[in-house]
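# Report on the structure
If you want the building blocks of each chain, they are given just below.
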Amino acid sequence: MTLAAEAPDLDVFWGFKGPVVGFAHHRGFTHSFLGVMLVSAVVTGFVYLIWRLRGRRSNIPNLPPRWGLLFVFAYIAGLSHILLDYTNNYGVRPFWPFWEKWYSWDIVFIIEPALYVILIAGLILPAIFSRHEFLPRGRMGAVIALACVAGVYLARDHEHRNAVRALQRQEFKSARPVRVSVYPYYWHLFRWYAVAETNNFFASSDVDSRTGSLNWSELEFFPKLPETAVTQAAKKSYLGRVYLDWAQYPLVTQTSSGSGWVIHFRDLRYDYPPLRGGSTLAATVELDDHLHVVGQKFGKRAQEPPIE
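Our subject in this report is the structure included herewith. All figures in this text were calculated on a predicted structure; none of them were measured in a lab.

## Observations regarding the layout of surface pockets
By volume, the largest pocket amounts to about 630 Å³. Around the largest pocket sit 19 residues that line it, and Leu 84, Leu 115, Tyr 116, Leu 119 and Tyr 153 are the ones nearest its centre. Elements supplying a minimum of two residues to the lining of the largest pocket: α4 (67–86), α5 (113–128) and α6 (139–168). A per-element tally of the lining of the largest pocket places α4 first, with four residues. Per-class residue counts for the lining of the largest pocket are 13 nonpolar, three polar and three charged.

Quick look at the structure:
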């Protein structure tokens with residue numbers, strides 16, 4: 001089950017074909033209900049091979065392996081991977097390839113320190129204090145740690161809902177938002193990064209889930225720019241199609257490069273105030289004067305050769 005729970009992340013090997021290809025396949029087939037079934041079969045087959053190489057020996061000789069049941073356990077572990085990835089704001093496509101919509105819960109940061117602290121403590125503290133009979137250890141220590149993890153998710157979900165409701169009540173330049181989202185910070189339970197969309201622009205800032213107040217000093221507006229032949233060509237490129245399929249609040253801008261054009265793709269859900277203008281999960285497409293793709297970058301890494 002441990003192997004099967006980690007196996008969906010084998011999609012990182014697509015990165016050897018370049019950053020754009022890696023991005024296109026990240027959290028794709030191996031993170032879907034159908035793909036996890038195949039991944040679970042591969043993991044179970046791998047364990048079966050190791051068992052055969054060991055001469056069909058196990059640590060419980062009188063209990064023969066039940067491979068069908070092991071496959072079911074492996075599949076459950078794979079589903080847990082999808083569930084945990086769903087809790088952050090990158091998202092998953094569990095119904096791929098039948099339905100390619102991205103889903104995300106947006107309640108915990110991609111790397112959530114509190115979860116690591118709880119789980120490591122649940123593993124280490126019982127071993128350190130095992131001589132004290134009044135302290136939980138073994139199974140009880142694990143149960144307490146997992147209960148604390150569940151408590152973190154419940155608290156995060158509660159504050160996330162409060163922050164969303166507060167943002168829905170806000171007005172931006174006298175305009176009510178047509179869509180809002182809030183995204184977590186690590187360590188902060190009440191501070192959330194907020195993005196709102198109106199008919200003419202996007203707005204982003206931080207919101208306090210306790211008071212419902214925005215951080216007006218960090219409020220920034222991003223106008224929805226008119227479509228041009230340049231941005232249309234970039235959006236039709238391989239990177240453009242993949243990026244716009246994934247992005248929740250895409251912002252596409254263009255600049256002249258002298259010999260052509262550079263089109264920048266950003267998703268405002270990752271434009272946290274401390275990171276504004278950075279390259280976190282941003283992408284660029286370079287076009288020549290004839291609007292042909294001559295370069296593609298995901299972050300700061302270039303795709304060689306660029307893909308049309």
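## Some thoughts on the packing of α5 against α6
Two numbers describe how α5 lies on α6: the axes approach to 9 Å, and their chain directions differ by 170 degrees. Taken together, the axes of α5 and α6 lie roughly antiparallel to each other. On α6, the residues touching Leu 115, Ile 118, Leu 119, Gly 122 and Pro 126 of α5 are Gly 141, Ala 145, Leu 146, Cys 148, Val 149, Val 152 and Tyr 153.

## Remarks on the pattern of salt bridges
Within this structure, the stated rule accounts for eleven salt bridges. The partner of Glu 112 in a salt bridge is Arg 156, and the shortest N-O contact between them spans 3.0 Å. Of the two residues, Glu 112 sits in the loop between α4 and α5 while Arg 156 sits in helix α6, which places them 44 residues apart along the sequence. Across the pair Glu 220 and Arg 276 runs a salt bridge, and its minimum N-O distance is 3.3 Å. Of this pair, Glu 220 sits in strand β4 (residues 220–223) while Arg 276 sits in the loop between β6 (260–267) and β7 (283–288); the two residues are 56 residues apart in sequence, bridging distant segments of the chain. Judged by relative accessible area, which is 32%, Glu 220 ranks as partly exposed. Each of the salt bridges in this network shares a partner with another, and the network as a whole consists of Arg 179, Glu 197 and Lys 224.

Scoring rules and cut-offs
- Residues numbered from 1 in each chain as written.
- Predicted model: local features only at pLDDT ≥ 70, side-chain atom pairs only at ≥ 80, totals over all residues.
- Heavy atoms only, no water.
- 1 Å grid on protein atoms, 1.4 Å probe; cavity = no way out; pocket = protein on both sides within 12 Å on 5 of 7 lines; lining within 4 Å.
- Points joined across faces, edges and corners; volume = space filled by probe spheres on them.
- Helix = DSSP H or I, 4+ residues; strand = E, 2+ residues; numbered from the N terminus.
- Nonpolar A, V, L, I, M, F, W, Y, C, P; charged D, E, K, R; others polar.
- Axes fitted to C-alpha atoms, helices over the stretch in contact; angles between N-to-C directions.
- Parallel < 35°, antiparallel > 145°, perpendicular 65-115°, else oblique.
- Contact = heavy atoms within 4.5 Å.
- Salt bridge = Lys/Arg side-chain N within 4 Å of Asp/Glu carboxyl O.
- Buried < 20%, exposed > 50% of the residue type's maximum accessible area, 1.4 Å probe, protein only.

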